[in-house]
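Reading the structure
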Amino acid sequence: MFKVLKYLKESKAAVAAIIALLILQAYCDLALPQFTADIVDIGIGQGGIEYAVPDCMREETLEKIALSMDEEGEMLLRGSYQKTSDGIYELSVKDEETIGRLNEKMEAPMAAFTFPSSEKIALDALSSSMISQMAINGVKAEYEAMGINIASVQTKYLLQKGGLMLGLSVLMMIASIFAGLLAARTSAQIGRDLRGKVFHQVVSFSDGEMDRFSTASLITRSTNDIQQIQMVSVMLLRMVMYAPIVGIGGVIKVMNTRTGMGWIIAVAVLAIMLLVMTLMSIAMPKFKIMQTLVDKLNLVSREILTGIPVIRAFSRESFEEERFDKANKELMGTQLFTNRVMTFMMPVMMMIMNGVTVLIVWFGAKGVDMGNLQVGDMLAFITYTMQIVMAFLMLTMISIMLPRAGVAAERIEEVLRMDTAIRDKEETKDGLLKEVKGIVRFENVSFRYPGADEDALEGIDFTAKPGETTAIIGSTGCGKSTLMRLIPRFYDVTQGKITIDGIDIRDLSQHKLHDMLGYVPQKGVLFSGDIASNIKFGGSFITDEDMEEAAAIAQAMEFIESKPKKFGSEISQGGTNVSGGQKQRLSIARAIAKHPKICLFDDSFSALDYKTDVVVRKALREKLSNATVIIVAQRISTILHADKIIVLDDGKIAGMGRHEELLADCGAYQEIARSQLSEAELKGGKAQ
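Attention here is on the structure that accompanies the text. All residue numbers refer to position in the chain's written sequence, counted from 1. Selection of residues for local features in this predicted model requires a pLDDT of at least 70, selection of side-chain atom pairs for listing and counting requires 80 or more, and totals for whole chains, interfaces and linings are taken over all residues. With hydrogens and water set aside, each side-chain value is computed from the structure's full complement of heavy atoms.

**What to know about the overall build of the protein chain**
When helices and strands are tallied, the protein chain shows 26 helices and 15 strands. Along the first, second and third principal axes, the C-alpha set of the protein chain runs to 145 × 55 × 50 Å. A buried classification covers 48% of the 688 residues belonging to the protein chain. For the protein chain, contacts bridging at least 24 residues in sequence account for 76% of all contacts bridging at least 6. Accessible area of the protein chain: about 35100 Å², with a carbon and sulfur share of 57%. Within the protein chain, the 83 negative side-chain charges are centred at a point lying 6 Å from the centre of the 74 positive side-chain charges. Numbered from the N terminus, helices here are DSSP runs of H or I no shorter than four residues, and strands are runs of E no shorter than two. Only protein chains enter the accessibility calculation, which uses a 1.4 Å probe. A residue is then buried if its area is under 20% of the maximum for its type, exposed if over 50%, and partly exposed in between. In what follows, a contact means two residues having at least one pair of non-hydrogen atoms within 4.5 Å. Using the Shrake-Rupley algorithm and a 1.4 Å probe, accessible areas are obtained, with residue cover drawn only from the displayed protein chains. His is not counted, nor are the chain ends, whereas Lys and Arg count as positive and Asp and Glu as negative. To locate a charge, take atom NZ for lysine, CZ for arginine, CG for aspartate or CD for glutamate.

**Focus on the packing of aromatic side chains**
Each pair of aromatic rings is reported with the distance of its centres and the angle of its planes. Think of it this way: a Phe, Tyr or Trp ring, Trp meaning its six-membered ring, pairs with another when their centres are within 6.5 Å, and the plane angle makes it stacked under 30 degrees, edge-to-face over 60, tilted otherwise. Enumeration according to the criterion identifies 6 aromatic pairs in this entry. Each ring, one from phenylalanine 447 and one from tyrosine 449, has its centre 4.9 Å from the other, and the planes form 80 degrees; the classification is edge-to-face. Looking at tyrosine 449, the relative accessible area reads 28%, which means it is partly exposed. Aromatic side chains phenylalanine 490 and tyrosine 519 sit 5.4 Å apart centroid to centroid with 80 degrees between the ring planes, which places their arrangement in the edge-to-face category. In this pair, phenylalanine 490 sits in the loop between helix H16 (480–486) and strand E7 (495–500) while tyrosine 519 sits in strand E9 (residues 517–520), placing the two residues 29 residues apart along the sequence. A residue is classified by how much of its surface remains accessible, and phenylalanine 490, at 23% relative accessible area, is partly exposed. Through successive ring pairs, a cluster of aromatic residues spans Phe447, Tyr449 and Tyr491.

**So, the sheet that holds strand E4 (residues 440–447)**
Strand order across the open sheet formed by 4 strands is E5-E4-E7-E8, with antiparallel pairing between neighbours. The open sheet has two edge strands with one neighbour each: strand E5 (457–464) and strand E8 (503–504). Two strands qualify as a pair provided that DSSP identifies no fewer than 2 bridges between them. Note: E4 against E5, 5 bridges, orientation antiparallel. Bridge assignment links valine 445 to a residue of E5, and that residue is isoleucine 460.

**Quick word on the packing of helix H2 (residues 12–45) against helix H7 (residues 150–203)**
Every angle, taken between N-to-C directions, lies between 0 and 180 degrees, and every axis is a line fitted to C-alpha atoms, over only the stretch in contact when it is a helix. Taken N-terminus to C-terminus, the directions of H2 and H7 make an angle of 160 degrees; their axes are 8 Å apart at the nearest point. By the criterion of interaxial angle, the relationship of H2 to H7 is roughly antiparallel. Classified by chirality, the crossing of H7 by H2 is left-handed. When grouped by side-chain class, the residues that make up the contact of H2 with H7 number 25 nonpolar, 8 polar and 3 charged. Oblique is the label for every angle not falling under 35 degrees (roughly parallel), over 145 degrees (roughly antiparallel), or within 65 to 115 degrees (roughly perpendicular). For any helix crossing, the convention is left-handed if the near helix is rotated counterclockwise from the far helix by under a right angle, and right-handed if that rotation is clockwise. In the scheme used here, Gly and all other residues not listed as nonpolar or charged are polar, with Ala, Val, Leu, Ile, Met, Phe, Trp, Tyr, Cys and Pro taken as nonpolar and Asp, Glu, Lys and Arg as charged.

**Some details on the packing of helix H3 (residues 59–67) against helix H4 (residues 71–80)**
Packing of H3 against H4 leaves a shortest axis separation of 9 Å and a crossing angle of 160 degrees. In this view, H3 runs roughly antiparallel relative to H4, as classed from their interaxial angle. Judged by residue contacts, Leu62, Glu63, Ile65 and Ala66 of H3 engage Glu74, Leu77 and Arg78 from H4.

**Here's the deal with the side chain of arginine 585**
Structurally, arginine 585 can be placed in helix H21 (residues 580–592). Whenever Lys or Arg places a side-chain nitrogen within 4 Å of a carboxyl oxygen from Asp or Glu, that contact is recorded as a salt bridge. For the buried residue arginine 585, which engages in no salt bridge, the nearest side chain bearing the opposite charge is glutamate 558, 5.4 Å off. In terms of polar contacts, arginine 585 uses its side chain to reach the backbone carbonyl oxygen of glutamine 555, at 2.9 Å. Arginine 585 has contacts with Ala554, Gln555, Ala556, Phe559, Leu608 and Thr612, leaving out every residue within four places of it along the chain. As used in this structure description, the phrase polar contact means that two N or O atoms lie within 3.5 Å; if the pair is within protein, one of them must be able to donate a hydrogen and the other to accept it, and residues adjacent in sequence are counted only when both atoms belong to side chains.

**Some points on the sheet that holds strand E2 (residues 81–83)**
Read across the open sheet, the 3 strands follow the order E1-E3-E2; overall the sheet is antiparallel. Edge positions in the sheet fall to strand E1 (56–57) and E2, since each of these pairs with one other strand and no more. Where E2 and strand E3 (residues 89–91) come together, 3 bridges link them in antiparallel fashion. Looking at E3, one finds that glutamine 82 is bridged to glutamate 90.

**Examining H3**
Within H3 the residues assigned to the buried category are Thr61, Leu62, Ile65 and Ala66. Here the buried residues of H3 occupy an arc of 135 degrees about the axis, which is enough to place them on one side. Opposite the packed face of H3, turned more than 90 degrees from it, sit the exposed residues Lys64 and Leu67. Picture the helix axis, draw a direction to every C-beta atom, and the arc is the one those directions span.

**Things to note about the pairing of strand E13 (residues 628–632)**
Burial analysis of E13 places 5 of its 5 residues in the buried class, the great majority of the element. Side chains Thr628, Ile630 and Val632 project from E13 onto one buried face, and the interleaved Val629 and Ile631 project onto a second face that is buried too. Bridging between strand E6 (residues 469–474) and E13 involves 4 bridges; their strand directions are parallel. Along E13, the bridge assignment pairs alanine 471 with isoleucine 631. Bridge analysis of strand E12 (residues 598–602) against E13 gives 5 bridges, and the strand direction is parallel. Among the inter-strand pairings, aspartate 602 is bridged to a residue of E13, identified as valine 632.

**Some words on the pattern of salt bridges**
All told, the structure shown has 22 salt bridges when counted by the stated rule. The partner of aspartate 325 in a salt bridge is lysine 329, and the shortest N-O contact between them spans 3.2 Å. Of this pair, aspartate 325 and lysine 329 both sit in helix H13 (residues 317–343), 4 residues apart, which is roughly one turn of the helix. Assessed through its relative accessible area of 31%, aspartate 325 is described here as partly exposed.

**Regarding empty space enclosed by the protein**
In this approach the atoms are scanned with a rolling probe the size of a water molecule, which exposes any empty space left behind. Using a grid of 1 Å spacing that covers the protein atoms alone, one calls a set of points a cavity when a 1.4 Å probe fits there but cannot get out, and a pocket when the set is open and has protein on both sides within 12 Å along at least five of seven lines; lining residues are those with an atom within 4 Å of a point. Grid points are joined across faces, edges and corners, and a volume is the space filled by probe spheres set on the points. Per the stated rule, a full pass over the model turns up 1 cavity of 30 Å³ or more. Its boundaries defined by the atoms lining it, the largest cavity holds a volume of some 30 Å³. The residue inventory of the lining of the largest cavity, partitioned by class, reads 5 nonpolar, no polar and 4 charged.

Next up, the structure:
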């Protein structure tokens, strides 16, 4: 719960307002039972007469009462009434304290009015409640003697108390509504802020941090886990904060009733606490497992949905259904276990509440029978007791959700606490690159993946210059893509350094570095929207002319023009409604539309046919004559006319030079060439 509470710190003003509204709501809620008791005991039982202090009385009655009082009481009596012109004494004081003192002095004299004058008065043998009731009857007798309508007195009292109850109910409703609105708004803001923080953190992750979290897990943390926090935040603001206020207020009210049945509440609270502790000790471990199982189910679902073509091609539908069914049943089994445990809570709670009610009625009835307790007080005691029990019940219900929310909060904090390995320095050298030339220099660069035993790249040393095409080729797994990913700082070098125009890229801000680059990944990635939004993805500064020129260079105009909406044609999520070659051409167009100084093509021509490959490379040479172009390729035909070809073998440079030079003296390059070129092409030193 404390992990969830810390998210409320940023909404202190709203939380304070909610607490104030909840206190107001609790005040109204706790006041209503006493009004009910007053209506039953005073309005109905006593005919609307609250005190043994009549609002008016005859002179002879006042004198008789004064004779029965001590000196202090007589002075208080005479000072509280004023004689009117018609000889009637009217009550002149209005404050509750004075009326209460006067009531204590007048109870016994007024009670004596109910005895016939011939009988001996023996009030000492009666209980205080019986004396009070007899005193009220004495007031009634006085009113009747004065010709006052007792029914009108009762009606006036009932209307007054009923009106106050209605007003309190409306006020309680208003407070509850506004507290609910503020709680919902605050929790929605917490969810919004958490999603923003998680998204901002994940976007700043390098590839190393992304490897530590699966995509499915990050999606679950950003959606399901934050939703758990948001839902529990509402409960905390509405129920957890309200329950103690009502519970404490109920205890205070119960203590003031002086019924002698406080032990019943203690028994009820102990029974509830024992129940909750027992159930939570059983269910808590399962709640922690549940979120992990949700991750697993999301992972399996995502793999199956994205791999449907492969699954169908290999007729593995049954196997994948079983795999999904297994993950689904594991989650269902855990949920059923926790639900079965929690189903015991409500019936046992109701049994405790009903048992408490029976105890109150049983012992309360004895008090009423003995004259020590009034019916209304017993009803009020039952209501207060139920409020106290319901307060614990609310805390119990939220305790079902808190464990899952605690796990969710920990998982979110795990993402937010993750230190990003690649971050900007406090002082960067962006100002030194006002005019970027684009000279990329690898100086004895080595790189090792986190946790690996060997370097993926070792001793890489070369320079890529503007106006030249630098190609990187090698066997699968030799480190070509790894080398390419070091330039945008998706990973940082382990040893050595990479410079642009003589400045270490680690001394530049990532924003400045990425602004200089046009990057086309090995796997083309498109975003939902249209063709125009994907090509202009590099920034709002890209004009329609830039977009069309980039599409023409990437040889994408042919298929774009064939579409009814041209550049406004829709692109589905992930670019699933275009072919692999079209996706790659749009990715190339997106990279060059921003006019980068350095263009990185990570095996970006593999999905293109040979004819399109040749045309695209020719257009790139013409349009990017002033840019530094670095190409990773599998096909020799793609890099045939490169100004510099770097041959990688097992993470090291095995050769460097032009195509003809490498054919002559680089064994690794010769091996690749023999696997791709014919004898005639090898002898001629060129490819088709």
